[in-house]
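Spelled out, the chains give:
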Amino acid sequence: MAVYTLPELPYDYAALEPVINPLIVELHHDKHHAAYVKGANDTLEQLAEARDKEAWGAINGLEKNLAFHLSGHILHSIYWHNMTGDGGGEPLGKDGVGELADAIAESFGSFDRFKAQLTKASATTQGSGWGVLAYEPLSGRLIVEQVYDHQGNVGQGSTPILVFDAWEHAFYLQYRNQKVDFIDAMWAVVNWQDVARRHAAAKERGDSLLLAP
């Protein structure tokens, strides 16, 4: 039985227009995300077989594959909920997301400075990857990370709460090779209510990272 399953989209394929067209949403979710789910499940089966046979010749590749596919599944599962056709703008207290707005201002100086950093981090990720706003539990602050592929170059223990997919499959059919234009457009569909819920949940469990017994 599969351990991981492809989550349903929280909206229809056309909900994010004109920022992301329906064909991209359909292919991205139904093909690309589904492939990461299948890859994670297949790799778990291969690891189980390796344990049964005590055959460890492929262990390095299998562990890398698990990290790649599982991280791809997790990041995409966040990505879909991070967006809404009614989103965008700036998180504000009057919209019920004041705690998130305060955390962004404290961590980055202002919303505009945060927006500039996440935009630049997303647009300049080398090759395929993501720009990520994450809650870092040791400091209790928000940080921006560049995620290469799906799983590299991240602080251990940080929790992603807002993710921008900068893989070409996320935008190429509509934006061609203009990744910067896609990232700029993404700000119009950010679901700040979802980001705020993720921030609150990450803060609540932030002290679970044990550095010493």
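The residue numbers shown here count from 1 along each chain, following its written sequence. For a predicted model such as this one, the threshold for reporting local features is a pLDDT of at least 70, and the threshold for listing and counting side-chain atom pairs is 80 or more; totals across whole chains, interfaces and linings nevertheless cover every residue. Remark: hydrogens and water are excluded; side-chain values derive from all non-hydrogen atoms of the structure.

A. Examining the nonpolar core more closely. Ranked by internal contacts, the top residues of the largest apolar core, which has 50 residues, are Ile 20, Tyr 79, Phe 114 and Trp 192. Per-domain counts for this core show at least three residues from each of domain 1 (22-82) and domain 2 (93-210). The contact criterion used throughout is that any non-hydrogen atoms of two residues lie within 4.5 Å. Leaving out residues up to four positions away in the same chain, Phe 114 has contacts with Ile 104, Phe 108, Leu 133, Val 144, Leu 162, Trp 187 and Trp 192. Nonpolar cores were defined as sets of buried Ala, Val, Leu, Ile, Met, Phe, Trp, Tyr and Cys residues, with membership established by side-chain atoms within 4.5 Å. The buried label goes to any residue with under 20% of its type's maximum accessible area, the exposed label to any with over 50%, and the partly exposed label to all in between, with areas taken from a 1.4 Å probe on protein chains only. The split of the chain into domains comes from an automatic or database domain assignment.

B. Representation of the UniProt feature "binding site: Mn(2+)" (unreviewed entry) in the chain within the structure. UniProt positions are given in the numbering used here, feature names are shortened, and annotations may be inferred rather than shown by experiment. The residues that UniProt annotates with the feature "binding site: Mn(2+)" (unreviewed entry) are His 28, His 76, Asp 165 and His 169. Despite a sequence span of 142 residues, these residues sit close together in the fold, their greatest C-alpha distance being 12.3 Å. Overall, His 28 belongs to the buried group, its relative accessible area being 2%. Discounting residues that sit within four places of it in the chain, His 28 has contacts with His 33, His 76, Tyr 79, Trp 80, Asp 165, His 169 and Ala 170. Relative to the helices and strands, His 76 is located in helix 2 (residues 59-81). Overall, the relative accessible area of 0% leaves His 76 in the buried class. Discounting chain neighbours no more than four positions away, the residues touching His 76 are His 28, His 33, Tyr 36, Trp 130, His 150, Asp 165 and His 169. A helix here means a DSSP run of H or I that spans at least four residues, while a strand means a run of E at least two residues long, and both kinds are numbered starting from the N terminus.

C. Examining the sheet that holds strand 1 (residues 129-136) more closely. Two strands make a pair as long as DSSP finds a minimum of two bridges between them. Spatial strand order, 2-1-3: 3 strands in an open sheet with antiparallel pairing. For this open sheet the edge positions go to strand 2 (141-148) and strand 3 (159-165), each flanked by a neighbour on one side alone. Across the sheet, the mean angle separating the axes of adjacent strands is 25° when strand polarity is ignored. Axis lines are fitted through C-alpha atoms, for helices just across the contact stretch, and the angle between N-to-C directions can take any value from 0 to 180 degrees.

D. Representation of the packing of aromatic side chains within the structure. Pairs were defined over the aromatic rings of Phe, Tyr and Trp, the Trp ring being its six-membered one, requiring ring centres within 6.5 Å. Orientation was assigned from the angle between planes: stacked under 30 degrees, edge-to-face over 60, tilted for the rest. Counted under the stated rule, the structure contains 13 aromatic pairs. Here the aromatic rings of Phe 114 and Trp 187 are separated by 5.7 Å at their centres, their planes lie at 90°, and the arrangement is edge-to-face. Residue Phe 114 is found in helix 4 (residues 111-123), and its partner Trp 187 is found in the loop between helix 6 (179-186) and helix 7 (192-204); the two are separated by 73 residues along the sequence. Residue classification places Phe 114 among the buried positions, given a relative accessible area of 0%. Under the relative-accessibility criterion, Trp 187 is labelled buried at 4%. One aromatic cluster is present, formed by Phe 108, Phe 111, Phe 114, Phe 164, Trp 187 and Trp 192 through successive ring pairs.

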